[in-house]
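Chain by chain, the residues:
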Amino acid sequence: MSQAILEDITKDQLTSDRADFKVGDGVRVHLKVSEGDKTRIQIFAGIVIARKGGSVNEAFTVRRISYGEGVERVFPLHSPNIAKIEMDRESVPMRARLYYLRGRKGKAAMAIKAKRYDGAKSK
């Protein structure tokens, strides 16, 4: 009984257009940032190294190298502050989490067996 009530409450908060990427893909996350009374879009681009949780609580971690330093950010998947998520490149990782990228430096930190994403699903 309580599970059905919980699903009814959370179904309005779920977004269906954001679940088409996986761990290892290169993404560009468009965030809504509010400064005072103005809002703007800020882009955080990098590689998805983890996805965790489920339903409304699902989150993903994006890692990028900025000025020689690794930067990671965790985003709630169904957050209203995310305007959209674009895929830059698709990859074929062999793991569910890519935490081993944290120990790499330079170009090796972004090296995953990948192919350029053309927007269409290809097999």
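Here, the structure is the one placed above.
Residues numbered from 1 in each chain as written. Predicted model: local features only at pLDDT ≥ 70, side-chain atom pairs only at ≥ 80, totals over all residues. Heavy atoms only, no water.

(A) Representation of the environment of Val62 within the structure. Here Val62 shows up in strand β3 (residues 59-66). For the pair Val62 and Ala50, spaced 12 residues apart in the sequence, the C-alpha separation amounts to 7.5 Å. (Helix = DSSP H or I, 4+ residues; strand = E, 2+ residues; numbered from the N terminus.)

(B) Spotlight on the pairing of strand β2 (residues 38-52). The pairing of strand β1 (residues 26-35) with β2 spans 10 bridges and is classified as antiparallel. Note on β2: the bridge partner recorded for Gly26 is Ile47. In sequence, β1 turns back onto β2 through a hairpin of two residues, with Gly36 there showing a positive phi of about 70 degrees. Two successive antiparallel strands, β2 and β3, enclose a turn made up of six residues, where Gly53 displays a positive phi of approximately 85 degrees. (Pairing = 2+ DSSP bridges.)

(C) Focus on unusual backbone geometry. One non-glycine residue, Tyr67, lies in positive phi territory at about 55 degrees. Looking at the element boundaries, Tyr67 is found in the loop between β3 and β4 (69-76).

(D) Examining the side chain of Arg51 more closely. Here Arg51 is to be found in strand β2. A residue is classified by how much of its surface remains accessible, and Arg51, at 17% relative accessible area, is buried. Within polar-contact distance, the side chain of Arg51 engages the backbone oxygen of Phe21 at 2.5 Å. There is a polar contact of 2.7 Å between the side chain of Arg51 and the side chain of Glu58. (Buried < 20%, exposed > 50% of the residue type's maximum accessible area, 1.4 Å probe, protein only. Polar contact = N/O pair within 3.5 Å; in protein donor to acceptor, adjacent residues only side chain to side chain.)

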